[in-house]
Each structure stands twice: as structure tokens, then as C-alpha cells.
Amino acid sequence: MFRSLRTRLFALLAIVVIAACAIGVLMIGLFQRSTAAQVGQMEAEISRACEAQASAFRFYAAGWHDHASAVSAATFRDGLEAVVQSALRDHPGIEGGLWREGDGSLAYAYPTYEGGPKTDLPQAEAGRIQAANEAALAQGHPVNARYAGSTEVLLLSACPLPGPLSGLTAWTMTRVRTLGGHGYQQLMIGLGLLLTTVLAAVVLLTQLTMTWSRHISRIEATLAAHDVNDLPRLPATGERELDRIVRALNEAGDRLAAARQRAEGMAREMAASQRLAAIGRITAGVAHEIRNPIAAMKLKAENALAGDAGRREQALTAILDQIDRLDLLLRRLLSVTERDVPERQEVALANFLDGLVRRHTDLAAARGIRLNAEAATPRARFDPEQMGRALDNLVLNAVQAAPAGTAVQVRAHRAGDRLVLSVRDLGDGPPPALRDDLFEPFVTGRAEGTGLGLSIVREIAVAHDGIARFRRDDGATTFEMVLPWQPC
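A. Summary view of the nonpolar core. Counting residues in hydrophobic clusters, the biggest one holds 37 residues, and the most contacted among them are Phe 382, Met 387, Leu 391, Leu 394, Val 423 and Met 481. Those elements that provide at least two residues to this core are helix H8 (349-359), strand E8 (379-382), helix H10 (384-401), strand E9 (407-415), strand E10 (418-425), helix H11 (453-463) and strand E12 (476-484). Ranked by residue count, the leading element in this core is H10, at seven residues. Membership of the second largest hydrophobic core comes to 27 residues, among which are Ala 54, Val 84, Ala 109 and Leu 155.

So, in C-alpha cells, the structure goes:
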């Protein structure tokens, strides 16, 4: 699944994006939890601040009760603001006051306000302050209220106050910023850094993927435009790891070129050696074949010179026979070395094979051999003169090799897109030591043979774009000429 470099890089890019999203979600979740914890902490703080006001008021009310005959109610109410100021002085960020049912706010203070002590009741929250105080009076115990806004959460706490004034409550209030505060700024900075990192990774991995793909495509196109035996010099890409591969390919190309040059040199030397060896074999064969007729002619000529007219006539006749033998040898050599272009024509195979068999019937009968011909296909196209000469050699060999009382089968049939001409006999076949070189000139297993007959068969088959082959199976020897089928 991840076998290509491009797939792996894109998978890595997907992992980076997923990890960044998970981290971002985690950071937002932690911020929200931190905000919730801060809200809960401030709720507890305003409750304590409200209780501090209640304690301060109880102390103040107890002192006023002891001097009630000397102090008027107006004086009592005037001192309430000082009570709120002293109670909230140790609670930074919290504002509050005293509220009485029917009269509204009796005192208000915000001693820790950033711009200095604040004395004006926030009118925007007056309705919420009244609602919280009314709820505390109605329930007879402290109540808390939370109002969430888009950027902050407003927290209110109210608690009833027993004392000389009925319907009196203390209240405290604070705001917890959810957006725009220090924690929010840190969150935004973290998310911004995370986004920048992800974008940088995306750009880097995308550039790396495209660069490598482009370089690899260029290398692939360069290699495809040249033969595998002639690798081109690849230019450097500028990518360190990829250039190592390029250098390895260039070095392999250099070694391949050097090896090819060595192989070509060795091939030339081997071809020259084979030509020399072939010339040597042919020369040795020709010398061997010519030596015996020449020796026989020399002996007959010497006898003729020393004898009477009758012996001279016998000697001349023998000399002419040896000359015919040499002429036959030369003609066979020419058949091997001079490949004539076949003159293909439509041939009736039954008549062609019957004529071939008739030419050898007498020789076969003298050796006790039967000749059979079979044409499994009616017509074919080839050079009848050349093919007749080739089959003559095969039939003569078969007649000489077949045991008496057996038959030699000459057959023509079509095998797919091939024409097969075969000669089959029940002889022992060529000696095993000669079977790999049967179709080479001067290779023969008979003392009286020239070793040119099968080489002529091979050359005629090759001239027809076919092959000559030998096989031994079921106690029979079969020589075949396999030619491409030519439509009639």
C-alpha cells in the first residue's frame, strides 16, 4: 500500500495535519476547561466576598444597636458604604453592595477597580442585581447567578442580611473574560504557531514530493529514450540522496559500456576463431576427400605407363571415375557455400513425393527396404528442385541406415503455420558423439561418406527461412525440414 515515495510523503502529510488538528482541539479544550475552572473559582470568591460583607454588616449593626438611642437611622445608612468598602478591599476584581427591598441599592463599592475606587452602581446590570437579591430574600439563603456573554461571563452572588433593617441583602459581582484575556491570547498565539508549523510542513512536503516526482520522471524519460545497452549520462538533480542513485546509475552505465566493449572484442575474436576453425575443418575435410582420389589416379597413371593398351584403358576409366567423384565433391561444396535464392512455386505434394520415391526405389529394393510416401496436405509452396535435392540426401541416408526388411517413411504435413517434410527409418541413427554437429560440413559416421549431405539439407532449409532437425524416438530416426507455411 505504501510502496511509493509519493504515497509515503502524502501519508506523512496527512499524519501531520491530523496531529495538528488534534493538538488544536486539545488546546481549545484545555482553554475551555481553564475558563470553566476560573469561573468556578470566581464563583467561590464572590460567595466569600458576599459572606465578608455579611460579617462586616453584622459587626456594624451590633455596634449601631448599642448606640441606637444616640444615632439616627440616617446616620446608620450613611455608614453602610464604609462597611462595603472595608469588606471588599481584600477581594480584588469584585464589586458589591447592599440592597433593600423597596429601596433598591443602599450602598455600592468597587475598591479594587483598576482606574481607582468606583462608586457608581453599574446600571447595565441593575436588573440582574435586583433579581439576584430578590431571589436571596425569597429563598432565605445565598444564591448565585451566572450570565454567559460572547466575551465574558458575569457572576452574581446575593445573601440575606438579618438586622435592624428588614428586606436587606448583600450582593457581589465580578466578570470572567472568556475571550480577549491573557489565556485567550496565549491560546491564539499557540494556535497561530501550530497553523504556521502545519503550513510550513505542507509546503515543504508538497515541494519535496513534486521535486522528487519531477526528477524521477526526468530520469525515467531519459532512460526510456536510450537503449538498455547504451545508458546515458544522467545529470545531477541537486538532491543529495537522489544524486547518490544518479551516480550509481552513471557508474553502472560506465561499467556496462566497458563490459559491452569487452564482450564485442571477445565476440570478434571468437568469430574470427570460429571462422578459422571452420576454414580448418573444411580444409581438412577437402584435403581428406581429395587425397584418396588423387592417390588412386596417380597409381592408375603409373600402371598405365608401365602396362599395355588394355591396362592403360582400365587406368583411364578409373581415373575418369575419380574425376567424377571429385566433381561431385566440388558440386556439393558449392551447394553448401553458395546459398541459392529459392524459386518458390505451388507443388502438388503427392506427385512430388511419388517422384522422389521412384528415384530411389531400385537402390532401396536392392537393400531390402520399402519406401512409403504420404502427403497429409495436398499442396504447398517451395522450390521443388532445391527441396528434391535435400530430400534425396535424407532418403539416401535413411536407405543406407535402415535394417533390411523395414520401411522408410517419407511424409509431408502441415503443423499450424509450418510445413514439415520428414524422412523416418528404423535404423540406429547417427552415433551419439556426432548428433550435436550432424548438420556441419564433413561430419559423417560412415567411412565412405563425405559429410556434406546433411549440411546441404540445412542450407536449403535455411534458404526457405526454416530449420533442419533430428530426433530419435520409439526406436526410429527422423530427420525433418520445418518451413514457414506459404499460402498457395
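Having seen the structure, we can now continue with the description.
B. How the structure looks around the side chain of Arg 100. Examined against the element boundaries, Arg 100 turns out to sit in strand E1 (residues 95-100). By relative accessible area, which is 18% here, Arg 100 ends up buried. Beyond its immediate chain neighbours, meaning those up to four positions away, Arg 100 contacts Leu 106, Leu 165, Ser 166, Gly 167 and Leu 168.

C. Just the sheet that holds strand E3 (residues 143-148), in detail. Sheet architecture is open: five strands sit in the order E2-E1-E5-E4-E3, paired in antiparallel fashion. Here the strands that pair on one side only, and so sit at the sheet edges, are strand E2 (104-109) and E3. In this sheet, adjacent strand axes meet at a mean angle of 20° when their direction is disregarded. Summarising the sheet, E3 and strand E4 (residues 152-161) pair through six bridges and their orientation is antiparallel. What sits directly across from Ala 145, in E4, is Leu 156. In the packing of helix H3 (residues 80-88) onto the sheet, the strands contacted are E1, E2 and strand E5 (168-177), and the crossing angle to E2 comes to about 45°.

D. Up close: the state of the cysteines. A complete count under the given rule lists one disulfide for this structure. Across the disulfide, Cys 50 is cross-linked to Cys 159 (sulfur-sulfur distance 2.4 Å). Judged by the sign of its S-S torsion, about -105°, the cystine formed by Cys 50 and Cys 159 is left-handed. Taken together, the positions of Cys 50 in helix H1 (residues 5-66) and Cys 159 in strand E4 put the pair 109 residues apart, joining distant regions of the chain.

E. Quick peek at the environment of His 413. Along the polypeptide, His 413 turns up in strand E9. With a relative accessible area of 17%, His 413 lands in the buried category. Spatially, the C-alpha atoms of His 413 and Arg 379 are 9.6 Å apart, while their sequence positions differ by 34 residues. With near-sequence residues (within four places) excluded, His 413 lies in contact with Ala 376, Thr 377, Arg 418, Leu 419 and Val 420. At 2.9 Å, the side chain of His 413 forms a polar contact with the side chain of Arg 411.

F. Structural context of the pairing of E1. Among the six residues that make up E1, six are buried, leaving the element largely enclosed by the rest of the structure. Pairing analysis gives six bridges linking E1 to E5, with the strands arranged antiparallel. Paired with Glu 95 across the two strands is Met 173, which belongs to E5. Examined bridge by bridge, E1 and E2 share five bridges and lie antiparallel to one another. Within E2, the residue paired with Gly 97 across the bridge is Tyr 108. Between E1 and E2, which pair antiparallel in sequence order, lie three residues; one of them, Gly 102, sits at a positive phi of approximately 95°.

G. Expanded view of H10. In this model H10 runs 25 Å from its N-terminal to its C-terminal C-alpha over 18 residues, within 8% of the 26 Å that 1.5 Å per residue would give. Regarding H10, the residues found buried are Gln 386, Met 387, Gly 388, Ala 390, Leu 391, Asp 392, Asn 393, Leu 394, Val 395, Ala 398 and Val 399. The N-capping residue of H10, defined by a side-chain oxygen 3.0 Å from the backbone nitrogen of Glu 385, is Asp 383.

H. Just unusual backbone geometry, in detail. Even without being glycine, Asp 465 reaches a positive phi, approximately 65°. Here Asp 465 is to be found in the loop between H11 and strand E11 (467-473). You can call Asp 465 exposed: its relative accessible area is 57%. Residues other than glycine seldom take positive phi values, yet Asp 474 does so here, at roughly 55°. Among the secondary structure elements, Asp 474 is positioned in the loop between E11 and E12. In this structure Asp 474 comes out as exposed when scored by relative accessible area, which is 75%.

I. Fine view of the pattern of salt bridges. Applying the stated criterion across every chain yields a total of 18 salt bridges. Arg 344 is the partner of Asp 465 in a salt bridge, and the nearest nitrogen-oxygen pair spans 3.7 Å. You can see Asp 465 sitting in the loop between H11 and E11 and its partner Arg 344 sitting in the loop between helix H7 (309-337) and strand E6 (345-348), a full 121 residues away along the chain. For the salt bridge of Glu 440 with Arg 458, the shortest nitrogen-to-oxygen distance reads 3.1 Å. Pair noted here: Glu 440 is in the loop between E10 and H11 and Arg 458 is in helix H11, with a separation of 18 residues, a long-range link. What makes Arg 458 partly exposed here is its relative accessible area of 24%. Three or more residues joined by partner-sharing salt bridges are found here, namely Glu 95, Glu 125, Glu 152 and Arg 175.

What counts as what
Residues numbered from 1 in each chain as written. Predicted model: local features only at pLDDT ≥ 70, side-chain atom pairs only at ≥ 80, totals over all residues. Heavy atoms only, no water. Core = buried A, V, L, I, M, F, W, Y, C linked by side-chain atoms within 4.5 Å. Buried < 20%, exposed > 50% of the residue type's maximum accessible area, 1.4 Å probe, protein only. Helix = DSSP H or I, 4+ residues; strand = E, 2+ residues; numbered from the N terminus. Contact = heavy atoms within 4.5 Å. Pairing = 2+ DSSP bridges. Axes fitted to C-alpha atoms, helices over the stretch in contact; angles between N-to-C directions. Disulfide = S-S within 2.5 Å. Polar contact = N/O pair within 3.5 Å; in protein donor to acceptor, adjacent residues only side chain to side chain. Expected span 1.5 Å × (residues − 1). Salt bridge = Lys/Arg side-chain N within 4 Å of Asp/Glu carboxyl O.

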